[in-house]
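# Structure assessment
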Amino acid sequence: MKFAVTIDPNINRWDLIRYAEELGYDRAWVPDSQMIWSDCYATLALAAVNTKRIEIGTGVAIPGTRIAPVTAHSIGTINQLAPGRTFLGIGTGHTAMRVMGQDPMPVKEFREYLRVLRSLLDGDAVDYTYRGRTQEIQFLHRDRYYLNLDNKIPIYVAANGPKALEATGAYGDGWITIGGAPTEISDKLEQIHGGASAVGRTIGEDFQTSVLTAGCVLRPGEKLTDERVINEVGSWVTCELHFFYEIWKKSGENNEMVPAHFANVWDEYVERVSKYSLPENARFRQIHDGHCTYMQPDERKFVTPEAIKATCLAGTPDEIIEELKQKEKSGLKELNILPDADQAHKVYRDFAELVMPAFR
């Protein structure tokens with residue numbers, strides 16, 4: 001089991017990655033979301049030249065805001081600064097697109113994007129279509145090392161739906177998911193293997209699997225309703241609440257899309273959104289305020305024990321260790337934690353001191 005952190009990309013706090021390295025974490029993921037954080041590649045560049053061991057990469061890059069050759073050249077540049085410890089995490093773009101009132105990239109386009117990325121990062125020539133015109137492209141000046149493709153850059157794909165999982169198997173070196181019971185993880189891994197088989201590819205033991213969540217290590221006597229717990233996981237729980245609201249709205253307000261752990265607060269949350277000051281077509285700016293960075297104070301009441309249990313990894317050290325061991329048996333290889341930005345140092349330290357030693 002590897003341990004990773006996802007940071008809120010703040011160009012002034014890049015040293016959070018160095019702190020994670022000092023604590024013994026294996027990877028640091030830096031999200032790509034242009035309307036809410038600093039640029040991920042600028043943050044990665046600072047981390048690359050100020051760390052020595054920890055693997056660093058995007059968590060995740062967004063195809064809808066950067067064309068495939070640009071994404072490949074950006075991560076290739078980071079790999080020149082941190083050769084052999086750079087990776088590319090990529091997904092269809094939930095928040096980065098929704099905070100502009102746009103939809104994530106359709107899976108068919110995403111698969112094509114992955115195909116081009118895979119070839120470019122392997123140093124190959126590939127047919128690439130831009131504005132309806134297809135040409136064969138390939139990186140030039142490889143001998144001058146403006147970027148580094150000699151050290152392999154693995155592609156880790158964020159995916160949950162069947163078609164996206166198949167694309168992960170076809171082009172990815174690893175898979176990123178959110179939450180998921182052990183049986184759900186193993187079922188989705190089967191779909192990934194099926195996607196690989198369909199293109200004549202075999203996934204080996206080095207295929208990475210990572211789960212992204214918030215975490216809180218409880219002390220004796222603490223409860224999920226305690227202030228410290230809510231402070232550490234609240235931004236993650238409410239991020240999921242915002243996500244499911246978007247899905248619910250897109251589905252025509254189909255209540256079947258509402259998870260059970262939010263059912264008891266759903267009507268109250270919908271009422272809250274209806275009272276936002278912006279018109280309905282602009283409310284995405286208020287819905288995603290604080291996304292995976294801080295909890296909106298008025299949404300604290302939605303961070304219930306049921307929601308924490310369903311979306312986070314919160315418990316005593318022994319409870320967390322046992323849950324991770326069960327996930328490990330189902331194929332999970334990495335825990336990736338994303339706490340509230342103001343609580344990150346404490347949460348990273350708690351997991352490093354109280355959980356990670358059981359897997360070393």
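Residues numbered from 1 in each chain as written. Predicted model: local features only at pLDDT ≥ 70, side-chain atom pairs only at ≥ 80, totals over all residues. Heavy atoms only, no water.

## Here we look at the packing of aromatic side chains
Spelled out, the test is: Each Phe, Tyr or Trp ring (for Trp, its six-membered ring) is paired with any other whose centre lies within 6.5 Å, and the angle between the two planes then decides the class: stacked below 30 degrees, edge-to-face above 60, tilted in between. For helices the rule is a DSSP run of H or I covering at least 4 residues; for strands it is a run of E covering at least 2, with both sets numbered from the N terminus onward. Only protein chains enter the accessibility calculation, which uses a 1.4 Å probe; a residue is then buried when its area is under 20% of its type maximum, exposed when over 50%, and partly exposed in between.
Summed over the entire model, instances satisfying the criterion amount to 14 aromatic pairs. Between Trp266 and Tyr269 the ring centres are 6.3 Å apart and the planes differ by 55 degrees, which places this aromatic pair in the tilted class. One end of the pair, Trp266, and the other, Tyr269, are both in helix H9 (residues 266–274), 3 residues apart, so they sit about a helical turn from each other. One exposure class covers both Trp266 and Tyr269, and it is buried.

## Side note on the pairing of strand S8 (residues 174–178)
If a strand is regular, its side chains alternate between the two faces of the sheet. Formally: Strands are treated as partners if at least two bridges between them are detected by DSSP. When the strands point away from the viewer and the path from the first strand over the helix to the second turns clockwise, the crossover is right-handed.
A large share of S8 lies buried, amounting to 4 of its 5 residues. Pairing geometry for strand S7 (residues 155–158) and S8, over 3 bridges, is parallel. Across the sheet, residue Ala158 finds its bridge partner in S8, namely Ile176. In terms of strand pairing, S8 meets strand S9 (residues 208–213) through 5 bridges, oriented parallel. For Trp175, the partnering residue across the bridge sits in S9 and is Thr209. Considered for its hand, the β-α-β crossover made up of S8, helix H7 (residues 182–198) and S9 is right-handed.

## A few points about the packing of helix H3 (residues 68–81) against helix H5 (residues 107–121)
Operational definition: Axis angles are defined between N-to-C directions and span 0 to 180 degrees, where every axis is a line fitted to C-alpha atoms and, for a helix, only to the segment in contact. We call two directions roughly parallel when the angle between them is under 35 degrees, roughly antiparallel when it is over 145, roughly perpendicular when it lies between 65 and 115, and oblique otherwise. Crossing handedness is read from the near helix: turned anticlockwise from the far helix by less than a right angle, it gives a left-handed crossing, and turned clockwise, a right-handed one. Only heavy atoms matter for contacts: two residues are in contact if any of them lie within 4.5 Å across the pair. Gly is placed with the polar residues, together with every amino acid not listed as nonpolar (Ala, Val, Leu, Ile, Met, Phe, Trp, Tyr, Cys and Pro) or charged (Asp, Glu, Lys and Arg).
It is at 9 Å that the axes of H3 and H5 come closest, and there the two elements cross at 40 degrees. Considering their axes alone, H3 and H5 lie oblique with respect to each other. Between H3 and H5 lies a crossing whose hand is right-handed. Counted together, Ala68, Pro69, Thr71, Ala72 and Ile75 of H3 and Tyr113, Val116, Leu117, Leu120 and Leu121 of H5 form the full contact between these two elements. For the contact of H3 with H5, a count of residues per class yields 9 nonpolar, 1 polar and no charged.

## As for the sheet that holds S7
As summarised here, the arrangement of the 8 strands in space is S1-S2-S3-S4-S7-S8-S9-S12, forming a closed barrel in which the pairing is parallel. Within this sheet the neighbouring strands show an average axis-to-axis angle of 25 degrees, counted without direction. Most of the contacts of helix H13 (residues 344–354) go to strand S12 (residues 334–337), to which it runs at about 155 degrees, and overall it touches strand S1 (2–6) and S12.

## With respect to the side chain of Gln208
Which entries qualify depends on this criterion: Here a polar contact is taken to be a pair of N or O atoms separated by no more than 3.5 Å, where protein atoms must pair a possible hydrogen donor with a possible acceptor and residues adjacent in sequence count only if both atoms sit in side chains.
Considering the arrangement of structural elements, one finds Gln208 in strand S9. Separated by 3.2 Å, the side chain of Gln208 and the backbone oxygen of Asp206 make a polar contact. Beyond its immediate chain neighbours, meaning those up to four positions away, Gln208 contacts Arg27, Tyr156, Asp173, Gly174, Trp175 and Lys333.

No statement about biological role is implied by the geometric values presented.
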